[in-house]
Each structure stands twice: as C-alpha cells, then as structure tokens.
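Per-entry structural report
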Amino acid sequence: MFVAPYDMPPWRPPSEAYSVLIRATRGCPWNRCAFCAMYKDVKFQLKSLEEIKADMEAALQLYGSEVSTLFIGDSDSLVTKVDFMVEVLGLIKRYFPRLTRITTYTRGRTLARRSIQDLRTLKEAGLTRLHVGLETGDPGILEYIGKGLTQQEMVEGGKKAIEAGLELSLYVLLGIGGERWWEEHARGTARVINQVSPHFIRFRTFIPVPGTLMHQRIEEGEFIPACPLTVLKETKLMLENLECSSTLLSDHVSNYASIEGELPQDKERMLEELGEIIDRLEGAPQLVKALQDRHRRVNL
Ligand code: SF4
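Residues numbered from 1 in each chain as written. Predicted model: local features only at pLDDT ≥ 70, side-chain atom pairs only at ≥ 80, totals over all residues.

We now examine helix α1 (residues 49–63). When the terminal C-alpha atoms of α1 are compared, their 20 Å separation across 15 residues agrees well with the 21 Å that a helix rising 1.5 Å per residue should span. Every buried residue of α1 is listed here: I52, D55, M56 and A59. When α1 is viewed along its axis, its buried side chains cluster within an angular range of 105 degrees and face the same direction. Opposite its buried face, α1 presents the exposed residues E50, E57 and Q61, each directed more than 90 degrees away. In this structure, the buried residues of α1 make contact with β1 (20–23) and α2 (82–95). The positive-phi residue at the C-terminal boundary of α1 is G64, with phi of around 80 degrees. (Helix = DSSP H or I, 4+ residues; strand = E, 2+ residues; numbered from the N terminus. Expected span 1.5 Å × (residues − 1). Buried ≥ 20, exposed ≤ 12 C-beta atoms within 10 Å, placed from the backbone. Arc of directions from axis to C-beta. Contact = placed C-beta atoms within 7 Å.)

The buried count for strand β8 (residues 200–205) comes to 5 of 6 residues, which makes it a mostly enclosed element. Here strand β7 (residues 167–174) runs beside β8; their pairing, made up of 6 bridges, is parallel. Bridged to L173 within β8 is R204. Pairing of β8 with strand β9 (residues 246–249), which is carried by 3 bridges, proceeds in the parallel orientation. Among the inter-strand pairings, R202 is bridged to a residue of β9, identified as L249. (Pairing = 2+ DSSP bridges.)

The next thing to look at is the pairing of strand β5 (residues 101–106). In terms of burial, β5 is largely enclosed, as 5 of its 6 residues are buried. Summarising the sheet, strand β4 (residues 69–73) and β5 pair through 4 bridges and their orientation is parallel. Counterpart to I72 in the pairing with β5 is T104. For the crossover from β4 across α2 to β5, the handedness is right-handed. Pairing analysis gives 4 bridges linking β5 to strand β6 (residues 129–135), with the strands arranged parallel. Paired with Y105 across the bridge in β6 is H131. (Right-handed = clockwise from strand over helix to strand, strands pointing away.)

For the pair helix α9 (residues 228–241) and helix α10 (residues 267–282), the least separation of the axes is 10 Å and the interaxial angle reads 160 degrees. For the element pair α9 / α10, the angle class is roughly antiparallel. Crossing of α9 against α10: the hand is left-handed. Taken together, the residues of α10 that come into contact with α9 (itself represented by P228, L229, L232, K233, T235, K236, L239 and E240) are K267, M270, L271, L274, G275, I277, I278, L281 and E282. Of the residues that constitute the contact of α9 with α10, the class distribution is 10 nonpolar, 2 polar and 5 charged. (Axes fitted to C-alpha atoms, helices over the stretch in contact; angles between N-to-C directions. Parallel < 35°, antiparallel > 145°, perpendicular 65-115°, else oblique. Left-handed = near helix turned anticlockwise from the far one by under 90°. Nonpolar A, V, L, I, M, F, W, Y, C, P; charged D, E, K, R; others polar.)

Without other data, these values stay purely geometric and don't point to any function.
Below is the structure:
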C-alpha cells in the first residue's frame, strides 16, 4: 500500500505526474456527479494555513526546491475565498521559488460565480492553469449525470478564466451519452467548446465505477454503455463539429484512440486517423471486443 509522506491530494490530472502535489482543501464541495466516486468518502474541508505550511515543509524535503510545476488539490480550490487562495499561492511561491506553472482543479459553476477581477487576482498571485471537468455540453446529459452545471455556466465561466489570463483545460468524458445519446453528446460538447475555445481539450472515456449511480443504472439496464465503435464515432462527430483554437489531447489510459493535435490545423489529419480506426474496427468484431475487455480492466 502506498503511504503518502504528507497529506497529498489523492487525485491529480495525468499531466501533473511530475508536479509537486499540495492540498489546500479536502474532498469535493459538490460530490454529486453520477459517474464519480473520487471523493465519495471525503467530507469537504478547508485546510488551515498551518497545515498547508507543514505539508509544504515535507514536500520540500521530498521534491527539493528546483521543481517547476505544482498542482493544488482537491476538486475545487476556487470555491474558497480569494484571500485564502492568495495566501496559499504566496506560501507556495516562498517554498518553491522556481515554479513556472501552478495549477488546480475547479468547477465550471464555481468559475461562473467568480468575478473576472477575482480570477485576475489569483492569476497575479501565481495561479497559471485550471483543470475543469466539462464532461459533456449537452444539457439533457449534464442533468442526467448530475453535473450541477449548465451549458451557459460553462461558457461564461470558461470565458472569464481565459479573459483573466488563466490557461484552461476542459475535460470531456467520451461515452457518457451511452448508446442512446452519443450524437447529442458529440454535438452539444462541440457547441460549448467552440464558444469557450479553451487552451486544452482533454479526452477521457467513461468507465462505470462500482458504487456510483451510473454503475447502478447500467446494472439495472437503464443506461446502455457505448461500445468502443460508438465512442470512436462520437469522437469523430465531435471533432467534425469543433471550430476552435485549442490543443486536443487524449492523455488518459481509458481512451480507445490516441488522437492528438492542434486545432484547427491538425483537424483533417486527426479525422483521417479516426476514420481509419473506425473502418478497421467495423469489419472486426473480435477487435472491438478486445478493446472492450481492455477498457474494463482499466483501473482508475
Ligand atoms: S466529477 Fe468533479 S465535481 Fe463531480 S463529484 Fe467528482 S470531483 Fe466533484
């Protein structure tokens, strides 16, 4: 069993694999998304500056002072008071003076409720990048998965973050529309992304986690998970509808295809790659099944 040397965030984005991990809060203040079990057993809490300072002492011993990137957990640091985060960022910079990137998770609704001035203050205090789960842009699916977010909030919040000078990573959950709503998911998500034009679009693929409402819906036959071919067709339809300037990444082990590139310039190349994979799978049910089996074994 892994024993954390201090109170580390239990989750971080894959792109933060080499970052110092510091926890300013514990848990998720929303904790109601039907697909998510990340913080199910954690009561949302603000940590004290003394606790964070003690973590930073331990992190300094572990990572050294030359590190260049740091991630702040848990799931929605921006729900805290701006003054608190400014103090946390000040501490971080004192302990790790060579950082060039400081990132955190937040929610689209939290961003929509923040003023641009608040976000600018955080940017000036050292925050550089936000990781935000959009999951889908379709209003019906957003409601079905209990995301606690509307299309409008995501667009408003995302635009504010960018206007404040922060980099924005939006996470898309491929397959979350299942076999029934994959086209709505693809089109609705592209619609929201086009209005925001985030710096990064990051694909993940839905994996039902035991103990979640989505898992229960599947067990009861209410929700039919999308098969790999459907997910790839959905990805292609989404990409066809994307009209934005963003870096598209598939930086997660759950994905069926590693489609990556710059939008808009690499769009045709990525569509061709997806088209070839779809053509190959369409005549090969055994390959689809192998992908499905591999996907089931992914350990989140
Ligand atoms: S997906 Fe994010 S916002 Fe939703 S419950 Fe999980 S951590 Fe909280």
